[in-house]
Amino acid sequence: MGILFHLDERRPRTAGPSAAPISVTAFGFCIGPTFVPWQAVSMIHASRVHGTPSDDVVLEFAAHGQCLPVRAAQPGFAALEAAMTGAFPETTGWREALQTLSRPRGRTLLYQRP
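Quick caveat: nothing in here was measured; it's all calculated off a predicted structure. (Residues numbered from 1 in each chain as written. Predicted model: local features only at pLDDT ≥ 70, side-chain atom pairs only at ≥ 80, totals over all residues. Heavy atoms only, no water.)

Quick look at the overall build of the chain now. The number of helices and strands found in the chain is 3 helices and 7 strands. Each helix and strand of the chain, ordered N terminal to C terminal, gives the series α-β-β-β-β-β-β-α-α-β. Within the chain, the fraction of its 114 residues that count as buried is 39%. Put simply, 49% of the contacts in the chain that link residues at least 6 apart link residues at least 24 apart. For the chain, the accessible area works out to roughly 6,500 Å², and carbon and sulfur atoms hold 61% of it. (Helix = DSSP H or I, 4+ residues; strand = E, 2+ residues; numbered from the N terminus. Buried < 20%, exposed > 50% of the residue type's maximum accessible area, 1.4 Å probe, protein only. Contact = heavy atoms within 4.5 Å. Areas by Shrake-Rupley, 256 points an atom, 1.4 Å probe, with all protein chains shown as cover.)

The tendency in soluble globular proteins is for nonpolar side chains to be buried side by side. Formed by 24 residues in total, the largest nonpolar core has its most connected members in Phe29, Ile44, Leu59, Phe61, Val70 and Trp94. Mapped onto this core, the elements with two or more residues apiece are strand 2 (28–31), strand 4 (41–48), strand 5 (57–63), helix 2 (77–87), helix 3 (94–99) and strand 7 (107–112). For Trp94, the contacting residues outside a window of four places in its chain are Ala46, Val57, Leu59, Phe77, Glu81, Met84 and Leu110. (Core = buried A, V, L, I, M, F, W, Y, C linked by side-chain atoms within 4.5 Å.)

Averaged over all residues, the pLDDT of the chain is 82; the fraction at 70 or higher stands at 75%. Overall, residues 1–18 carries pLDDT values under 50, and its contacts beyond four positions in sequence, including any with other chains, amount to 16 contacts. (pLDDT = per-residue confidence, 0-100.)

Turning our eyes to something else, we now look at the sheet that holds strand 5. Read from one edge to the other, the open sheet built from 4 strands follows the order 6-5-4-7, with strand pairing classed as antiparallel. On the outer flanks of this sheet lie strand 6 (66–71) and strand 7, each paired with one strand and no other. Strand-to-strand twist of the sheet, defined as the mean angle between neighbouring strand axes without regard to direction, takes the value 20 degrees. Note: strand 4 against strand 5, 7 bridges, orientation antiparallel. Its bridge partner lying in strand 5, Val41 is registered against Ala63. With respect to the sheet, helix 2 is in contact with strand 4, strand 5 and strand 6, its orientation differing from that of strand 5 by roughly 55 degrees. (Pairing = 2+ DSSP bridges. Axes fitted to C-alpha atoms, helices over the stretch in contact; angles between N-to-C directions.)

Checked against the element boundaries, Thr108 lands in strand 7. Exposure remark for Thr108: the relative accessible area of 15% places this residue in the buried category. Those residues within four positions of Thr108 in sequence are excluded, and the remaining contacts are Ile44, His45, Ala46, Leu98 and Leu101.

Turning our eyes to something else, we now look at the sheet that holds strand 2. In space, the 3 strands of this open sheet follow the order 1-2-3, with antiparallel pairing throughout. In the strand order of this sheet, the two ends are held by strand 1 (22–25) and strand 3 (34–37), each with one partner. Neighbour-to-neighbour, the strand axes of the sheet open up by a mean angle of 20 degrees, direction not taken into account. For strand 1 and strand 2, the ladder comprises 4 bridges, and the chain directions are antiparallel. Counted as the bridge partner of Thr25 is Gly28 from strand 2. Across the sheet, helix 2 is in contact with strand 1 and strand 2; its angle to strand 1 comes to roughly 35 degrees.

Here is the structure:
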């Protein structure tokens, strides 16, 4: 399992082929045609993108058995970040948590549904 974890860290994390804009509603968020309701989110991870400037980060939302990565460079990311911290107060301060990781391309768990 340790080997897979290390390989996963080196895998480039992308926002998807088209980097579709993000739209946020009171009930969740959309990326292109994909809607993710807040109540379906089971985990949220934050990570840095390998080979990009240090401020380029990814939020990964696990919902319905799938992982949906969202890059900070995508249009609408600021609105998603604000809505995420409102829906999941545990994620407040996620950028600081990411900065304190010992590995430069680290990944941190921000939220996990009990």
